[in-house]
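Survey of secondary and tertiary structure
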Amino acid sequence: MEPSSVSKSSLFGQLGWLDLVVVAGIIGTLVWYFKRKGKKEEAPVIKTIKTSPAAGTAAAGGASKGLIGKLKASGKSVVVFYGSQTGTAEEFASRLAKEATRYGLKAMAVDPEDTELDEISKLSTEIENCLAIFCMATYGEGDPTDNAQEFYDWLQNGDEQLNGLNYAVFGLGNKTYEHYNAMGKYVDKRMEQLGGNRIYEAGVGDDDGNIEDDFISWKEGLWAKVCPSTCDIHSSDCRRKSRRRSSSSGPARGSRLSAASSRSDTGIDSRASPSARRCSSSDAGGKRRTSSIRRSSSNMRRTGR
C-alpha cells in the first residue's frame, strides 16, 4: 500500500461528515468575502416622484378652503348660522337653507364652531349679495349654546367691522326664563353695532307657546323682504303648507295650556265638543242666524204665539 493513499484514507476517516460541511462553509464564506471586498460599492438609487405645480396648488387650496372658499365654489350667497343645544335651531337653519332654493337663492347651514370667525367680516366684500341669517337659541340663564360660545366671545371682544353685511336674526327662547331670548337679541344688536345691515326685524320664538308658528310667521316675512316678487308666487303655497304643519304639529313642547291659549283665532274654545262649537260659532252667517231667530221670537211674542 502506498503511503499517500494511507494518509488520505486516514484523514477522511478521522473527519466526519459534519466536520466536512463546516469546513466547506468556512471556505465558501472566505471566498465570498474577498470577492465582495474587491468590488466597489454602488450608491443606492433614490427615485423622486414629480408632481405638477397645479396639482400641488389644488391640494393646498382644498385643505385650506374655509367658509368663503366653500361659498364661492358652490355659488352660494346665503349662509345660515345656528346656535343650537337640543337641535331645534339647527333644524330651523336647515329648513331655511333648503327653502332658499324656492326663491332663486343658494344657501348653506353652518355651525359657527366649525368656522374661522374672522371670515364673517369678509362675507360682504368677498361674496356678492351675501346674506347672513342667524338662528340663535338661548341656553340656561341667558347664555349662548355650547357651539355658539366662541362666536359670542368673538362678538363681545372683537372689533371687526362687518362692512354692511346683510343679516337677519331669529332667536329661540322660553318666556318662563328671566333672560328671554337674550342671545338672539344680543346678536341682532351687536351685528348692527359692528356695521351690519339689518334687512328684517329680529324674530323671537317662544318654546313656552308655539315656537313653530313663531318661526313660520317670521320666515315668511323674511322671504317677502328678501325676494318679494318670487315670494308672491309662492305665498299661497306657503300658507297652505303652514296650515298643514300647524294642524299636524300639535301643542308645542313645554306649553302650559290655559283657557285663553286654547282658543282659536275665531274665539271658539278648541276643547269644546263639536256641538258646543257649532252652537258658539262666531262667523258672520252664525251671527245673522242668531239675529233672525231673535227677531222671530220677538214677533212671536208680539203676536201671542
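Residues numbered from 1 in each chain as written. Predicted model: local features only at pLDDT ≥ 70, side-chain atom pairs only at ≥ 80, totals over all residues. Heavy atoms only, no water.

1. Observations regarding the confidence of the model for the protein chain
Of the residues in the protein chain, 60% have a pLDDT of 70 or more, and the chain-wide mean is 74. Below pLDDT 50 for its whole length, residues 51–64 participates in zero contacts with residues either more than four positions away or in separate chains. Note on residues 249–305: pLDDT under 50 across the span, and 32 contacts to partners over four residues away in sequence or across chains. (pLDDT = per-residue confidence, 0-100. Contact = heavy atoms within 4.5 Å.)

2. Things to note about the pattern of salt bridges
Taken as a whole and assessed by the stated rule, the structure comprises six salt bridges. With a closest N to O distance of 3.1 Å, Glu192 and Arg198 form a salt bridge. Sharing partners across several salt bridges, the network here consists of Glu91, Arg95 and Glu212. (Salt bridge = Lys/Arg side-chain N within 4 Å of Asp/Glu carboxyl O.)

3. Looking at the packing of aromatic side chains
Summed over all chains, the structure comprises ten aromatic pairs. Consider the rings of Phe134 and Phe151, whose centres lie 5.5 Å apart with planes at 10°: the pair is stacked. Here the residue Phe134 occupies a position in strand E3 (residues 131–139), and Phe151 occupies one in helix H7 (residues 149–157), the gap between them amounting to 17 residues. The pair formed by Phe134 and Phe151 is uniform in burial state, with each residue classed as buried. (Phe/Tyr/Trp six-rings, centres within 6.5 Å; stacked < 30°, edge-to-face > 60°. Helix = DSSP H or I, 4+ residues; strand = E, 2+ residues; numbered from the N terminus. Buried < 20%, exposed > 50% of the residue type's maximum accessible area, 1.4 Å probe, protein only.)

4. Thoughts on H7
Taken residue by residue, H7 has Phe151, Tyr152, Trp154 and Leu155 as its buried positions. The buried residues of H7 occupy an angular sector of 160° when the element is viewed end-on, so they sit on one face. Relative to its buried face, H7 has exposed residues pointing more than 90 degrees away, namely Glu150 and Asn157. (Arc of directions from axis to C-beta.)

5. Notes on the pairing of strand E5 (residues 166–173)
For E5, the tally of buried residues reaches seven of eight residues, placing the bulk of the element in the interior. Relative to E5, E3 runs parallel, the two sharing seven bridges. Each residue of the ladder has a partner; that of Met136, found in E5, is Gly171. Looking at chain direction, E5 and strand E6 (residues 197–198) are connected through two bridges and run parallel. What sits directly across from Tyr167, in E6, is Arg198. Assessed by its sense of winding, the connection that carries the chain from E5 through helix H8 (residues 182–193) to E6 is right-handed. (Pairing = 2+ DSSP bridges. Right-handed = clockwise from strand over helix to strand, strands pointing away.)

6. Considerations on the environment of Asp146
Its place among the elements puts Asp146 in the loop between strand E4 (143–144) and H7. A residue is classified by how much of its surface remains accessible, and Asp146, at 53% relative accessible area, is exposed. Taking the C-alpha atoms as reference points, Asp146 and Gln85, separated by 61 residues in sequence, lie 6.8 Å from one another. Once residues within four sequence positions are removed from consideration, Asp146 is found in contact with Gln85 and Glu113.

7. Considering the packing of helix H5 (residues 88–99) against helix H9 (residues 211–226)
Two numbers describe how H5 lies on H9: the axes approach to 12 Å, and their chain directions differ by 30°. Classed by the angle they form, the pair H5 and H9 counts as roughly parallel. Two packed elements cross with a definite hand, and for H5 against H9 that hand is right-handed. Counting all contacts with H5, which are made through Phe92, Arg95, Leu96 and Glu99, the residues of H9 involved are Ile211, Glu212, Phe215, Ile216, Trp218, Lys219 and Trp223. (Axes fitted to C-alpha atoms, helices over the stretch in contact; angles between N-to-C directions. Parallel < 35°, antiparallel > 145°, perpendicular 65-115°, else oblique. Left-handed = near helix turned anticlockwise from the far one by under 90°.)

8. Considerations on unusual backbone geometry
Backbone geometry places Asn163, a non-glycine residue, at a positive phi of 55°. Along the chain, Asn163 turns up in the loop between H7 and E5. Relative accessible area serves as the criterion here: at 48%, Asn163 is assigned to the partly exposed category. One non-glycine residue, Asn181, lies in the positive phi region at around 55°. Secondary-structure assignment places Asn181 in the loop between E5 and H8. You can call Asn181 buried: its relative accessible area is 1%.

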